[in-house]
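Reading the structure
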Amino acid sequence: MNLKKWVVSGVIAFILYMLFLRLTDAGFIANFIAYISLFVIAGQGWNLLGGYIGEISFGHAVFFGIGAYTVGLPVGYKLDINLLLLVLLGALMAGIFALIISYPLLRVQGFPFLVGTYGLGVVIRSIVVVTPALFATRGIFISTYSKNFTYPLIIGFAIAVVIFVQWLVNQDLGLRFKAVRDVPTAARMIGINIYKTKASAFVIGAMLTGLAGGLFALYGGFVNPSACFGDNTSIFILLGPYIGGIGSVLGALFGSTIVIILQEVARSVITVNGGHYLMVGALLVVVMMLSKEGIYPGIVKLVKKIKNAYQKRQGE
Amino acid sequence: MEYTGLIQTILGGVGVGSVYALLGLAFALVFGKLKICSYMHGDLAILAAYLGYFIFTSIGLDPFLSLIVLIPIFFFIGYYIQVIFMKPFMSMEIWQGRYQAQIMVTWGLGMCIMAIEFIIWSGTYRMISVPYRNATLNFSNLTVPVVHLLSLGALLLIYLVLSLVLQKTDLGISFRACSVDRITAMLTGINYQKICAISFGISSAIAVVAGTFYALTHQITPAVGLELTFKGWVAVIIGGMGSLGGVILAGLLVGLVESLTSFFWIPALKEAVLFVGLLLLLIFRPGGLFKAK
């Protein structure tokens, strides 16, 4: 199947990154690629719900933060547990939390869902900020692995996640996601349980986002409420897939990359306070006005159109 | 003595809630009837608050007088936002992702507004220090800030005017026709796009009033915009998706929950309690507390 191509290009990308890491001695760009990859993982998680089910979540930072704090808390309490194990545990915890919270949230759809997920983010952040047992606003320092181990780990996970999502959406379950999004009535008629389908997309997506959070804790070596549970984290997780192209794996991948690069560039080039919001907001408006589905599907459509016009002209 | 504190808190909560109720009204007007989802009215409100602040500090004009200028300006801003940015999405059906697209466009615009505020006024907290900001009316041992009374009055006035317009005038009748059945309304010669644009303009004008009152009771910073947007939407959800009266009650309730939480518990948790309440509401009454008729 097509998947073989994805695996091969994933392996090639990983090897290229390893070479790059060796050559540049884990410099700024290697670091930045790892940072982008974190948001690529989280964005793929968001895209399962936002793109394939069509419910926009404004609160994926919650799962990101749960993943990060599952790594951070045992370190903060000086428990000696393998960090890699904790990263996987964090993904699991995020999934369990999503399973619980999906009960009230998935009863509504559209904008109440959006407001509800935003509210969830606010609730969890407030709880962490006022609870001394969770280290409140101080945050936790984590003595993490060396760069030469962490960065390839993040890249490896990112590639694996992208391939996994691409595999998943062509499975039975992934096709159900699309059916629930596009033709809910027909989906119910052939016996698909809409609630369960939505919940499984939510939980799998939350696990991926939690994984990104755990890796973020390893990457930064520091977790605190504003970095992990902050609104900005939610916004950048959301914006990537949305701008790149919701409901497409490559689109989300490109989108996350574009958004993170753009906001970092805006932050360092336009040093005006709030300049990066202007860039991101304007980009969002322009993309939405030009192509409702995002950059990648828009470009694919455009290429097809040009090809068709060209063929028509040749036929004449 | 304790009772006084409690009643005082309740009064304050209702006063603050009137701002949320105003914003909720702005959302409910365009969402409940015309199915337009906007995530930028909070930012519009804060922009209006900043403009009021700017006019007050530069010319010394009272924020209420500057409303006379700002309301028409924002009506036209809203009108043209609808015409320019929202029109492509008006023919989409809900299952085609109409709300998602509208949310994203308006949120992007809101982000641009916020960024412009950041660039012009920076992120420092500002306040409009009018002389009557701290003025109060005293009833025995209760003190009620004048601004709260004014905002409650404005809320009632706007609600009454809106209901009158919706019931009696031609505009209101065509508006309701559009909300019931878009296609048939268009067949009878109603300009659907124009009705949408006008109501978006009206809702932006309501947001201006909300923003001005917010600036008179709170300190303003650009990032507050999104927060206000969400609180307005919470009011809409609690109020039952689009019934104007329900939204007003729900907005007051939101303010009440916040002030009671600050009174009895930790002020930092006031939003958390609000949203926990919202999640509970979604479990038990997904349709909202005050359902539309």
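Read on for a plain summary of the structure. This is a predicted model, so every value here is computed, not measured. Every chain's residues receive numbers from 1 upward, in the order its sequence appears when written. Think of it this way: whatever chain is written first is A, whatever ligand is written first is 1, and the rest follow in order. Restriction of local features to residues with pLDDT of at least 70 applies here, the model being predicted, together with a cutoff of 80 or more for giving and counting side-chain atom pairs; totals for whole chains, interfaces and linings are based on all residues. Calculation of side-chain values draws on the structure's entire complement of heavy atoms; hydrogens and water are dropped beforehand.

1. Description of the pairing of strand E2 (residues 142-145) of chain B
Residues and elements named next belong to chain B. Side chains Leu142 and Val144 project from E2 onto a buried face, and the interleaved Thr143 and Pro145 project onto a face without burial. Each pair of strands is called paired provided DSSP finds at least two bridges between the two strands. A run of DSSP states H or I qualifies as a helix once it reaches four residues; a run of E qualifies as a strand once it reaches two. Both are numbered from the N-terminal end. Sheet topology places strand E1 (residues 136-139) next to E2; four bridges connect them, and they run antiparallel. Residue pairing in the sheet places Thr136 in a bridge with Pro145 of E2. Hairpin connection between E1 and E2: a loop of two residues separates the two successive antiparallel strands, and Ser140 in this loop has a positive phi of roughly 40°. Exposure categories follow from relative accessible area, calculated using a 1.4 Å probe and restricted to protein chains: below 20% of the type maximum is buried, above 50% is exposed, and the middle band is partly exposed.

2. Notes on helix H10 (residues 244-264) of chain B
End to end, H10 of chain B covers 30 Å across 21 residues, agreeing with the expected 30 Å (1.5 Å per residue, within 8%). Looking only at H10 of chain B, the buried set comprises Leu244, Gly246, Val247, Ile248, Ala250, Gly251, Leu252, Val254, Gly255, Glu258, Ser259 and Thr261 of chain B. What a helix should span is 1.5 Å times the count of its residues minus one.

3. Brief notes about the packing of helix H4 (residues 83-105) of chain A against helix H5 (residues 111-130) of chain A
Residue and element names in this part refer to chain A. Only the stretch in contact is used when fitting a helix axis, every axis being a line fitted to C-alpha atoms; angles between N-to-C directions are given from 0 to 180 degrees. The geometry of H4 relative to H5 is characterised by a closest axis approach of 11 Å and an angle of 135° between their N-to-C directions. Taken together, the axes of H4 and H5 lie oblique to each other. Judged by the twist between their axes, the crossing of H4 over H5 is right-handed. Facing H4, whose interface residues are Phe97, Ile101 and Leu105, H5 presents Phe113, Gly116, Thr117, Leu120 and Ile124. Polarity classes work like this: nonpolar for Ala, Val, Leu, Ile, Met, Phe, Trp, Tyr, Cys and Pro, charged for Asp, Glu, Lys and Arg, and polar for all others, with Gly in that last group. Here the residues of the contact of H4 with H5 sort into six nonpolar, two polar and no charged. When describing relative orientation, an angle under 35 degrees is termed roughly parallel and one over 145 degrees roughly antiparallel, while 65 to 115 degrees is termed roughly perpendicular and anything else oblique. Whether a crossing is left-handed or right-handed is set by the direction in which the near helix is turned from the far one by less than a right angle, anticlockwise for left-handed and clockwise for right-handed. Contact definition: two residues touch when any of their heavy atoms are within 4.5 Å.

4. Notes on the interface of chain B and chain A
Between chain B and chain A, the contact holds 43 residues from the first and 42 residues from the second. Of the roughly 3700 Å² buried between chain B and chain A on both sides combined, carbon and sulfur atoms contribute 86%. One speaks of a salt bridge when a side-chain nitrogen belonging to Lys or Arg is within 4 Å of a carboxyl oxygen belonging to Asp or Glu. Our count for the contact surface shared by chain B and chain A stands at zero salt bridges. Distance and chemistry together define a polar contact, namely a pair of N or O atoms within 3.5 Å, with one atom able to donate a hydrogen and the other to accept it when in protein, and with adjacent residues in sequence counting only for side-chain atoms on both sides. Joining chain B to chain A, the criterion identifies zero residue pairs in polar contact (both at pLDDT 80 or more). Elements with a contribution of two residues or more to the side of chain B that touches chain A: helix H3 (63-90), helix H4 (98-121), helix H9 (224-238) and helix H11 (270-284) of chain B. Values labelled buried area give the accessible surface lost by two parts on being combined, using a 1.4 Å probe and summing over both.

5. Examining the packing of aromatic side chains
Ring pairs are drawn from Phe, Tyr and Trp, using the six-membered ring of Trp, whenever the two centres fall within 6.5 Å, and their geometry is named by plane angle: stacked under 30 degrees, edge-to-face over 60, tilted for the rest. Considering all chains together, one arrives at 31 aromatic pairs over all chains under this definition. A centroid spacing of 5.5 Å and a plane angle of 80° characterise the contact between Phe75 of chain B and Phe76 of chain B, whose relative ring orientation is edge-to-face. Every member of this aromatic cluster is reached through a ring pair, and the members are Phe58 and Tyr118 of chain A together with Phe27, Phe31, Tyr39, Trp107, Phe230, Trp233 and Phe275 of chain B.

Everything listed here is a matter of geometry and, on its own, says nothing about what the molecule does.
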